[in-house]
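Now for the letters of each chain:
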Amino acid sequence: MTATLDLLKTRRSVPPPLLDEPGPDRAQLEAILTAASRVPDHGKLAPWRFIVIGGEARSRAGEIIASTFAADNPDASPERLAQERARLTHAPVVVAVVSRAGPHVKIPEWEQVLSAGAATMNLVIAANAAGFATSWLTEWFAYDRRVLDALGLAPTEKLAGFVHIGRAREVPSDRPRPALDDIVTYL
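Residues numbered from 1 in each chain as written. Predicted model: local features only at pLDDT ≥ 70, side-chain atom pairs only at ≥ 80, totals over all residues. Heavy atoms only, no water.

1. So, the environment of aspartate 72
Using the following cut-off: Put simply, DSSP H or I for four residues or longer makes a helix, DSSP E for two residues or longer makes a strand, and each gets a number counted from the N terminus. Summary of the burial criterion: residues with accessible area below 20% of their type's maximum are buried, those above 50% are exposed, and those between are partly exposed, where the area comes from a 1.4 Å probe applied to protein chains only. Here, residues are in contact when the closest pair of their heavy atoms is within 4.5 Å.
Note that aspartate 72 resides in helix H3 (residues 56–72). For aspartate 72, a relative accessible area of 44% corresponds to the partly exposed category. With residues up to four places along the chain from it excluded, the contact list for aspartate 72 reads Asp144 and Arg146.

2. Observations concerning the UniProt feature "domain: Nitroreductase" (unreviewed entry) in the chain
Stated formally: UniProt positions are given in the numbering used here, feature names are shortened, and annotations may be inferred rather than shown by experiment.
If you check UniProt for "domain: Nitroreductase" (unreviewed entry), the listed places come out as residues 9–167 in our numbering. Regarding residues 9–167, the helix share stands at 41% and the strand share at 19%, and the terminal C-alpha atoms are separated by 20 Å.

3. Re a nonpolar patch on the surface
Applicable threshold: Only residues above 30% relative accessible area that lack a salt bridge enter a patch, with like-charged residues linked at up to 9 Å and the nonpolar side chains Val, Leu, Ile, Met, Phe, Trp and Tyr linked at up to 5 Å. Reported accessibility uses the Shrake-Rupley method at a 1.4 Å probe radius. Residues are deemed covered only where the shown protein chains occlude them. We define a salt bridge as a side-chain nitrogen of Lys or Arg found within 4 Å of a carboxyl oxygen belonging to Asp or Glu.
On the surface, a cluster of nonpolar side chains totalling about 480 Å² of accessible area is made up of Leu180, Ile183, Val184 and Tyr186. Relative to the helices and strands, valine 184 is located in the segment after helix H7 (180–183). By relative accessible area, which is 32% here, valine 184 ends up partly exposed.

4. Looking at the confidence of the model for the chain
Basically, it comes down to this: You can read pLDDT as the predictor saying how much it trusts each residue, on a scale of 0 to 100.
Across the chain, the average pLDDT comes to 95, with 99% of residues at or above 70. At the level of individual helices and strands, the chain shows its lowest average pLDDT in helix H1 (residues 2–10), which scores 86, and its highest in strand S3 (residues 93–99), which scores 98.

5. Re the packing of H3 against helix H4 (residues 78–85)
As a reminder of what qualifies: Fitting a line to C-alpha atoms yields each axis, with helices limited to the stretch in contact; the angle taken between N-to-C directions then spans 0 to 180 degrees. Any angle that is under 35 degrees is reported as roughly parallel, and any over 145 degrees as roughly antiparallel; angles of 65 to 115 degrees are reported as roughly perpendicular and all others as oblique. By definition, any crossing whose near helix is turned counterclockwise from its far helix by less than a right angle is left-handed, and any crossing with a clockwise turn is right-handed.
Two elements in contact, H3 and H4, have axes whose closest approach is 7 Å; the angle formed by their N-to-C orientations is 140 degrees. Considered as vectors, H3 and H4 are oriented oblique to each other. Judged by the sense of rotation from one axis to the other, the crossing of H3 with H4 is right-handed. Across from Gly62, Glu63, Ile65, Ala66, Phe69 and Ala70 in H3, the residues of H4 making contact are Arg80, Leu81, Glu84 and Arg85.

6. Things to note about the environment of isoleucine 125
Structurally, the position occupied by isoleucine 125 is in helix H5 (residues 109–129). For isoleucine 125, a relative accessible area of 18% puts it in the buried group. For the pair isoleucine 125 and arginine 11, spaced 114 residues apart in sequence, the C-alpha separation works out to 8.1 Å. Those residues in contact with isoleucine 125 that sit more than four places away from it in its chain are Leu7, Leu8 and Arg11.

7. Here's the deal with H3
To keep it simple, the criterion reads: Every helix has an expected span of 1.5 Å times one less than the residues it contains. Directions pointing from the helix axis toward each C-beta atom define the arc.
For H3, spanning 17 residues, the distance from its first C-alpha to its last is 25 Å, which sits close to the expected 24 Å at 1.5 Å a residue. The complete set of buried residues in H3 reads Arg58, Ala61, Gly62, Ile65, Ala66, Thr68 and Phe69. Down the axis of H3, the buried side of the element spans an arc of 160 degrees, and every buried residue falls inside it. The exposed set on the far side of H3, more than 90 degrees from its buried face, consists of Glu56, Arg60 and Ala71. Of the surrounding secondary structure, the elements contacted by the buried residues of H3 are strand S2 (48–54), H4 and helix H6 (145–150).

8. Observations concerning the UniProt feature "binding site: FMN" (unreviewed entry) in the chain
The feature "binding site: FMN" (unreviewed entry), as annotated in UniProt, sits at Arg11, Arg12, Ser13, Arg38, His42, Trp136, Leu137 and Thr138 in this numbering. In sequence the annotated residues extend across 128 residues, and in space they extend as well, their farthest C-alpha pair lying 28.8 Å apart. Here arginine 11 shows up in the loop between H1 and strand S1 (19–20). If we skip the residues at most four places from it in the chain, arginine 11 touches Met121, Val124, Ile125, Asn128 and Arg177. Mapped onto the elements of the fold, arginine 12 is located in the loop between H1 and S1. Other than its neighbours up to four places away in sequence, arginine 12 contacts Thr134, Val171, Pro172, Ser173, Asp174 and Arg177.

Here it is in structure tokens:
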């Protein structure tokens, strides 16, 4: 229990440019995704799914992101387009967590969205517990329907985020955290 609490109390994100190889292998990734899927899920709907983006798929996804950016920003510099193209190439593995929340006769959509967020956080914690560093990001393209369509999301699906997974080249200093007195109320 102490090791788990220590991990949770000290966990921090590592920016994708600071994530190096090796990433999780297939068995490690399946263990991480199994843990990610063990979240509260009222109605057993599994209102989320995972898209694993590794190897050359990272560059293919980057081309989609860069071409979409270029369509909206025709005067973008080559350097900026290269930055957009590299968005998912820094970490060895990126897992997109897709929210499949939608109308249901018994389960409020809000609970389904929260379940997708919990799956994303479990993914981060499981990867950290397995010895990897992570960063959960969205960025503009997580909200662009053209990019989502190209990544295979259904029209009703949304992206909870991209979890970048790798080995930390360096761990940034911790950011200030809220004081409990500012965020906790006892009744």
